[in-house]
Number of protein chains: 4
Amino acid sequence: MAGNSFGNIFRITTFGESHGLGIGVIIDGCPAGLEISEADIQLELDRRKPGQSKITTQRKEGDKVIIQSGVFEGKTLGTPISLYIANQDQKSKDYSHIKDVFRPSHADFTYQEKYGHRDYRGGGRSSARETACRVAAGAIAKKLLQHYGLKINAFVSSVYNLKLDIPFEELDFSQTEKNIVRCPDDATAQKMIDLIDKARKDGDSLGGTVSCFVENCPTGLGEPVFDKLEAELAKAMLSINAVKGFEIGSGFSGTKMKGSEHNDIFEVKANKIQTKTNYSGGIQGGISNGMPIYFNVAFKPTATIIQKQSTVNEKKEKLEMQGKGRHDPCVLPRAVPIVEAMTALVLIDYLLLNKLSKL
Amino acid sequence: MAGNSFGNIFRITTFGESHGLGIGVIIDGCPAGLEISEADIQLELDRRKPGQSKITTQRKEGDKVIIQSGVFEGKTLGTPISLYIANQDQKSKDYSHIKDVFRPSHADFTYQEKYGHRDYRGGGRSSARETACRVAAGAIAKKLLQHYGLKINAFVSSVYNLKLDIPFEELDFSQTEKNIVRCPDDATAQKMIDLIDKARKDGDSLGGTVSCFVENCPTGLGEPVFDKLEAELAKAMLSINAVKGFEIGSGFSGTKMKGSEHNDIFEVKANKIQTKTNYSGGIQGGISNGMPIYFNVAFKPTATIIQKQSTVNEKKEKLEMQGKGRHDPCVLPRAVPIVEAMTALVLIDYLLLNKLSKL
Amino acid sequence: MAGNSFGNIFRITTFGESHGLGIGVIIDGCPAGLEISEADIQLELDRRKPGQSKITTQRKEGDKVIIQSGVFEGKTLGTPISLYIANQDQKSKDYSHIKDVFRPSHADFTYQEKYGHRDYRGGGRSSARETACRVAAGAIAKKLLQHYGLKINAFVSSVYNLKLDIPFEELDFSQTEKNIVRCPDDATAQKMIDLIDKARKDGDSLGGTVSCFVENCPTGLGEPVFDKLEAELAKAMLSINAVKGFEIGSGFSGTKMKGSEHNDIFEVKANKIQTKTNYSGGIQGGISNGMPIYFNVAFKPTATIIQKQSTVNEKKEKLEMQGKGRHDPCVLPRAVPIVEAMTALVLIDYLLLNKLSKL
Amino acid sequence: MAGNSFGNIFRITTFGESHGLGIGVIIDGCPAGLEISEADIQLELDRRKPGQSKITTQRKEGDKVIIQSGVFEGKTLGTPISLYIANQDQKSKDYSHIKDVFRPSHADFTYQEKYGHRDYRGGGRSSARETACRVAAGAIAKKLLQHYGLKINAFVSSVYNLKLDIPFEELDFSQTEKNIVRCPDDATAQKMIDLIDKARKDGDSLGGTVSCFVENCPTGLGEPVFDKLEAELAKAMLSINAVKGFEIGSGFSGTKMKGSEHNDIFEVKANKIQTKTNYSGGIQGGISNGMPIYFNVAFKPTATIIQKQSTVNEKKEKLEMQGKGRHDPCVLPRAVPIVEAMTALVLIDYLLLNKLSKL
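Because the structure is a prediction, the values reported are computed rather than measured.

S.K.: What's the story with the overall build of chain A in this structure? I'm lost.
M.R.: When you go through chain A residue by residue, the secondary structure sums to eight helices and 18 strands. Expressed as lengths along the three principal axes of its C-alpha atoms, the size of chain A is roughly 65 × 50 × 40 Å. By residue count, 70% of the 359 residues in chain A fall in the buried class. Within chain A, contacts between residues separated by at least 24 positions form 69% of all contacts whose residues are at least 6 apart in sequence. A total of about 11500 Å² of accessible surface is found on chain A, and carbon and sulfur atoms cover 48% of it. Side-chain charges of chain A comprise 47 positive and 43 negative groups, with the mean position of each set lying 3 Å from the other.

Here is the structure:
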């Protein structure tokens, strides 16, 4: 109800403020018997953590995860899995200068309006720090999906006005982690890095898109009519901080096609019913059809910039504010594991649900 | 769980197959005391019904709604409201020719895979006929929202390669219903109608976008972190048949902006905190900030076309099929009330939830 | 949220006022492929309908059920199943005499307080007529449970001060339907009938208990810690009109035992782990252990009596009211199928959920 | 779904195994602005903790609670509140002797069946240690209820065959905490203590009943038809370890009354509509009527006894086991705060829900 849970069967609940004691996530509904370790989870968290490279924020946080419950002798118990990440030096800073100021395009104002007061330290609950919990839970979801053979590959497909112009099918996803921007084409990656580095030096920020490609998804995932697979993916993506758009398959460009061009013709290949084209993006009528699922996610440029900006405070006084210190000039490289995590959470939930769809 | 319900507090459940006895919707959680009549609901249904004009399907269905429960002496009782629409001549047709055929880009194949059998008559549950129930429930949601002063305006903003190129703020929404394509600019509307009419004659179909603009939304709607207002809107839109994309505020074009350009600067106007620009689309940190909410929804060209297409059947045999009879060359005009209904369902649910956010 | 739905996976939503157009139930989450007919459902409804015998209300209603959706060619589609029962002569009566009067121990006063107005015709939504929908949905749940081998037997175990004094294990449940009071021991049944008939003549009403015995329940049903199987059964039973108590296994009498007497000792029988005694009632730690599940449900005497009673009206004026016409002197015989239905709804929901508990 | 959450609006999720790192609870949906401190919560936890007196288990655990999130500057933020209790010396013990043994009337066997493996250390998740989390969350629920004026008083009303024979209305609840058994009548309390002490010396255990009396509950709480207030209370109580029965108002004894005796006659007192008698237990039609709510909860004698018992192990071998060390000869005194906590969780959830029932 209050928005801190996601999923039906495989259901997570996250908690914690950015500068409180710590953050964490409870996973309820993970089947018993899955092998999982803190190392499995840490691996994914390290892909999201700050301070990874020169193009992400220079803030250093270890984001060390602890499994507090739900795993015994290396395997899930079927009971709630609690993952906890203690915050580091959460008390050290002085926040008096932003205490009653509404930073532009942040959530300060809306939290104040909704709740009557707020944790002004680093955005509190509205900070993207919360997404570490999603990545942690997503690591377990991914392990379960591996058990069923699914593979999820997200990557940076555009930064600002620079777009990766290679069709998904021709990409080598083993290259994604080989550069700091997480774009599977190295030539494009280097240009993206330069763009971001320039923005960092200017104290500015850049947006872009993350794309995701899912292989080996079985047919049958998705619950019509409201819980169509693409609907839940859309919700999952739009729930990530800074996301402003989602398109699946042909997406917005498909609106400029005719039906006679856009329809995916069925054919039989290797004794399996497949489609010749895949404008549908692997989903028809809200249910996966066995073809690859792919979608794009739009991220706005991050709101934190190191430039002077005008704003107002709680007393409705106009003032100037100046961002300072470390910031993320472009969240996209760190968003890749978040997009993968949210995709994994949707897919495992729907895969489990689908086990109940027929006698 | 099984995907036929939507909403938390104001929660609807739809049922019914396209060619069964009828379709309907139960609304649970509508507060008691709201004045509502069958006429209020019929008004919205008539905007969605087939056979309205030369550019929609020529199929004629009255879509006459009955209130079966939950309303007494003209006012809601606080008990479930059941709305029912009987199907007309549902038995008359012969479906043997498509009984075991998978129509391209329809849900025939995925339903068969998921459920093991399916109602092959006109798509059964996967038919867009189900959206009539959403419009009916949405009519009640709209009435409640009126009580709180909100206004929802959806309209056709592009058809195929033709785009309405007037900023939202300059549009006169009173013009939307004045033409059969539901575009508030008459000059553009006439061109759209011509495009659609041409497609109809070709037996083809066209996609496009519906945009939605919400005025007078109070601050505080949206439940962080997973149930951000834009996340639920995205889900609501992607749950509509044929939708392939959603973008809010600056959307995909915002990915090509810098933070210093994109940030919405706060200012005080008429003693209210507002933003100078509105790239955020009225939502920050998942919560409405009082500015207008606007978003675009991408519809693919409808899958039903009156042309010969190749496909396969349940026995994995290749065959040719030929669509026949009446079809919707472009769903967009009829999608406008559906987008409004889904928007209303999200907003009323979140408005009610928000009453509980602080002491 | 608003209380008209029950179940997680196999989820039902009921609607309708006692004297409105009709009542109905939507079942969402029933697996596809189950054979079901209107006759299967009618069979159970006929066990609950009014006018069955001299000891139930003499009101005659056919309670004829229609399947409106979700079943095609005799089998469930996996889509929502809508069952509808039209009300008969719902307009014929004059209710002006009770319009603003609060009948003692009815829900008139509380509905008025909660909702601000109410359907005063025969109790509206608070009428036990709603339970017909539970019985209808329960008929489908029962069919599914049969598929898994479970058997549910409810019966009247006491009326007023007369108690059936035979241990569950010695009862022959094939006798339950052989008498009008639904007690499997004929000698006791006759005495119960006499008691009820006497109350009827006095214009009074009697309470009693319904007991339920479930055979062949597999191990593993129940979701600790809050959704223990007995917790959900308790909720299911207490949600039935007029129920004031629930006890499972040793129940209240078990509070007067010592642990050394009460513990159920495990033993191996027919190569299966079983317990020697079954004070636990087939559930341990909230999860079924494979032994028979049994419980008792307490029904208060019905509030409707044909005697003069003092009460107040909406204006807080004192007045006398006199019940008239047909009434149920004892709801227990008609409550038997309701208890079975609610038990079936809990068990099938938990059986489906349990399919997801381990890898 | 998986059973570790409770509540709709004010929703808690507990986690943790008895002998793992720790246990905890997330509260989602608590309104912002409530003053709460660790001391408020600790107060209630201390009433439940082991080692309080000679009649509870002698095991010593501090049960020291930490607020990890959701509270800032002394007030709730509207974000999830995470409460954590570290387990003490969780590694010190040797469990090899019970590793594969199914203790009689414990959850060892059913967890093994459901999940395929289990945490055998002290019962793992099935241990009543989990209820500490309910008490912690309940402390916050109680604080909110105080804000609305409600008062919840639970107490031990019987132990074994010894029953407190004073009507609820005549009890002085300020006496409940004055003795170690938590019975508000001191003379009865002393006899109960003697009974329990005797059982402890015998290595045996005793059952009994806890009763609960709620004052100042407003009208309107309860969501018909499935989520009747008494139904949710029943579920809440039956979800507590060792509970076997629940009865509200007249309960099982009401089944032996006639309608003419049992009906609660309305009257106007102090310009308020009330009932002369209160057999209904403060709830009619599933909705609170403003009269005191009262109910009884049956606890079986605890399964852990210090006596030799026969049982079987995972290999289906028969063996003798001997409980040892510290045990709770009677859980009732420590169950009192648990019953209060679960009552508070139900009432605050329904009180919040009820704010949405009418325009």
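S.K.: Any chance you could explain the interface of chain B and chain A here in plain terms?
M.R.: One frequently used descriptor of interface size is the decrease in accessible area upon assembly of the parts. Opposite the 106 residues of chain B that make contact, chain A presents 106 residues. Roughly 8600 Å² is buried in total at the junction of chain B and chain A, and carbon and sulfur atoms are behind 60% of that figure. The interface formed by chain B and chain A includes six salt bridges. Where chain B packs against chain A, one counts 49 residue pairs in polar contact (both at pLDDT 80 or more). For the side of chain B that touches chain A, the residue count by class is 40 nonpolar, 43 polar and 23 charged.

S.K.: Which parts of the structure should I look at to understand the interface of chain C and chain D?
M.R.: Taken together, the contact between chain C and chain D spans 106 residues of the former and 106 residues of the latter. Summed over both partners, the interface of chain C with chain D buries about 8600 Å², with 60% contributed by carbon and sulfur atoms. Three residues, Lys114, Phe226 and Lys244 of chain C, lead the burial of chain C against chain D; their summed loss comes to 11% of the area buried on that side. Between lysine 114 of chain D and glutamate 223 of chain C there is a salt bridge whose closest N-O contact spans 2.8 Å.

S.K.: When you look at the relation of the copies chain B and chain A in this model, what are you seeing that I'm missing?
M.R.: A rotation about some axis, followed by a shift along it, carries one copy of the chain onto the other. Once chain B has been moved 0.0 Å along the axis and rotated by 180 degrees, it coincides with chain A to within an RMSD of 0.0 Å. Those values place the two copies in the arrangement expected of a two-fold rotation axis. In this assembly the copies share their binding face: 100% of the residues contributing to the interface of chain B also contribute to that of chain A.

S.K.: What is the right way to look at the pattern of salt bridges in this model?
M.R.: As a working rule, side chains carrying opposite charge can pair if their charged atoms are close by. Going through the model one piece at a time under the given rule, you end up with 95 salt bridges over all chains. Here arginine 134 of chain A makes a salt bridge to glutamate 130 of chain A, at a shortest N to O gap of 2.9 Å. Each member of the pair arginine 134 of chain A and glutamate 130 of chain A is classed as buried. Aspartate 119 of chain B is the salt-bridge partner of arginine 121 of chain B, the closest N and O atoms lying 2.8 Å from each other. Considered together, arginine 121 of chain B and aspartate 119 of chain B belong to a single accessibility category, that of buried residues. When salt bridges that share partners are traced, they join Glu44, Arg47, Lys142, Glu177, Arg182 and Glu340 of chain A into one network.

S.K.: Can you walk me through the sheet that holds strand S9 (residues 162-163) of chain C in this structure?
M.R.: Within a sheet, neighbouring strands are paired by backbone hydrogen bonds and run either parallel or antiparallel to one another. Spatial ordering of the open sheet is given by S9(C)-S8(C)-S10(C)-S16(C)-S11(C)-S11(D)-S16(D)-S10(D)-S8(D)-S9(D), a layout of ten strands whose pairing is antiparallel. Two strands close off the open sheet at either side, each with one partner strand: S9 of chain C together with strand S9 (162-163) of chain D. In this sheet, S9 of chain D lies alongside strand S8 (residues 151-159) of chain D in antiparallel orientation, the contact comprising two bridges. Bridge pairing in S9 of chain D places serine 158 of chain D opposite lysine 163 of chain D.

S.K.: How do you make sense of unusual backbone geometry when you look at a structure like this?
M.R.: Leave glycine aside and you will find that most residues have negative phi; peptide bonds, for their part, are mostly trans. That bond from proline 224 of chain B to valine 225 of chain B is cis: its omega, 10 degrees, falls within 30 degrees of zero. Looking at the element boundaries, valine 225 of chain B is found in the loop between strand S10 (208-215) and helix H5 (229-238). Within the chain, serine 105 of chain A stands out as a residue other than glycine whose phi angle is a positive 55 degrees. As for its position among the elements, serine 105 of chain A is in the loop between strand S7 (81-86) and helix H2 (108-115). Assessed through its relative accessible area of 6%, serine 105 of chain A is described here as buried. Residues other than glycine seldom take positive phi values, yet alanine 242 of chain D does so here, at roughly 80 degrees. Take alanine 242 of chain D: it is sitting in the loop between helix H5 (229-238) and strand S11 (243-248).

S.K.: Help me understand the sheet that holds strand S2 (residues 11-15) of chain A, please; the structure alone is not making it clear to me.
M.R.: Residue and element names in this part refer to chain A. Ordered by their spatial adjacency, five strands build an open sheet running S1-S2-S3-S7-S4, and the pairing between neighbours is antiparallel. Strands at the two margins of the open sheet, each flanked by one partner only, are strand S1 (5-6) and strand S4 (65-69). Bridging between S2 and strand S3 (residues 22-28) involves five bridges; their strand directions are antiparallel. Note on S3: the bridge partner recorded for phenylalanine 15 is glycine 24. With respect to the sheet, helix H3 (residues 131-147) is in contact with S2, S3 and S7, its orientation differing from that of S3 by roughly 35 degrees.

S.K.: Would you take a moment to explain the pairing of strand S13 (residues 272-275) of chain D for this structure?
M.R.: Across a regular strand the side chains alternate sides, sitting on one face of the sheet and then on the other. Residues and elements named next belong to chain D. On S13, burial follows the alternation: Ile273 and Thr275 on one face are buried, whereas Lys272 and Gln274 on the facing-out side are not. Two strands pair when backbone bridges link them, and strand S12 (residues 266-269) and S13 are joined in this way by four bridges, in the antiparallel orientation. The residue bridging lysine 269 from the neighbouring strand is lysine 272, located in S13. The hairpin formed by S12 and S13 contains two residues between the paired strands, and alanine 270 there has a positive phi angle of roughly 50 degrees.

S.K.: Would you mind going over the confidence of the model for chain A with me for this structure?
M.R.: Low pLDDT means the predicted coordinates in that region are not meant to be read closely. Taken residue by residue, chain A gives an average pLDDT of 95. The fraction at 70 or more is 99%. Here the predicted complex scores 0.98 on pTM and 0.97 on ipTM.

S.K.: Would you mind showing me how to read the environment of tyrosine 115 of chain A here?
M.R.: Residue position: tyrosine 115 of chain A is located in helix H2. A relative accessible area of 4% means that tyrosine 115 of chain A is categorised as buried.

S.K.: Would you mind showing me how to read the packing of H3 of chain A against helix H8 (residues 332-354) of chain A here?
M.R.: The relative placement of two packed helices comes down to the angle between their axes together with the axis-to-axis distance. All names here are of chain A. Remark: H3 packs on H8, axes separated minimally by 7 Å, with the N-to-C direction vectors making an angle of 50 degrees. By the angle class used here, H3 and H8 are oblique. Note that H3 runs across H8; the crossing there is left-handed. Counted together, Thr131, Arg134, Val135, Ala137, Gly138, Ala141, Lys142, Leu144 and Leu145 of H3 and Pro337, Ile338, Glu340, Ala341, Met342, Ala344, Leu345, Leu347, Ile348 and Leu351 of H8 form the full contact between these two elements. Looking at the contact of H3 with H8, its residues break down into 14 nonpolar, two polar and three charged.

S.K.: Looking at this model, I keep getting lost on the packing of helix H1 (residues 38-48) of chain C against helix H7 (residues 332-354) of chain C. Mind explaining?
M.R.: All names here are of chain C. Interaxial distance between H1 and H7 falls to 7 Å at its minimum, and their mutual angle equals 140 degrees. Between H1 and H7, the interaxial angle falls into the category oblique. Contact residues: Glu44, Arg47 and Arg48 in H1; Arg334, Val336, Pro337, Ile338 and Glu340 in H7. Residue composition of the contact of H1 with H7, by class: three nonpolar, no polar and five charged.

What counts and how
All residue numbers here refer to positions counted from 1 along the written sequence of the relevant chain. The naming scheme follows written order: chains are lettered A onward, ligands numbered 1 onward. Two thresholds apply to this predicted model, a pLDDT of at least 70 for residue-level local features and 80 or more for giving and counting side-chain atom pairs, whereas whole-chain, interface and lining totals are computed over all residues. To obtain the side-chain values, all non-hydrogen atoms of the structure were used and water was disregarded. In this text, helices come from DSSP runs of H or I with a minimum length of four residues, and strands from runs of E with a minimum of two, each type numbered from the N-terminal end. Relative accessible area decides the class of each residue, using a 1.4 Å probe on protein chains only: under 20% of the type maximum gives buried, over 50% gives exposed, and in between gives partly exposed. Contacts between residues were defined by any pair of non-hydrogen atoms, one from each residue, lying within 4.5 Å. For the accessible areas, the method is Shrake-Rupley and the probe is 1.4 Å, while residue cover comes only from the protein chains on display. This count recognises Lys and Arg as positive and Asp and Glu as negative, with His and chain-terminal groups excluded. The location of each charge is read from NZ of Lys, CZ of Arg, CG of Asp or CD of Glu. Two parts lose some accessible area (1.4 Å probe) when they are put together, and adding that loss for both gives the buried area. Any Lys or Arg side-chain nitrogen located within 4 Å of an Asp or Glu carboxyl oxygen qualifies as a salt bridge. Two N or O atoms count as a polar contact when they lie within 3.5 Å, although within protein this holds only if one can serve as hydrogen donor and the other as acceptor, and sequence-adjacent residues are included solely when both atoms are side-chain atoms. Classification convention: Asp, Glu, Lys, Arg as charged; Ala, Val, Leu, Ile, Met, Phe, Trp, Tyr, Cys, Pro as nonpolar; all other residues, Gly among them, as polar. All copies are superposed by least squares; the fitting set is the C-alpha atoms of residues with a pLDDT of at least 70 in both. Strand pairing is assigned whenever DSSP identifies at least 2 bridges connecting the two strands. The axes are straight lines fitted to the C-alpha atoms, using for helices just the contacting stretch, and the angles between their N-to-C directions are given from 0 to 180°. The predictor reports its confidence for every residue as pLDDT, a score running from 0 up to 100. The cut-offs work like this: below 35 degrees is roughly parallel, past 145 is roughly antiparallel, 65 to 115 is roughly perpendicular, and the gaps in between are oblique. Left-handed is the label given to a crossing in which the near helix is rotated counterclockwise from the far helix by less than a right angle, and right-handed is the label when the rotation is clockwise.

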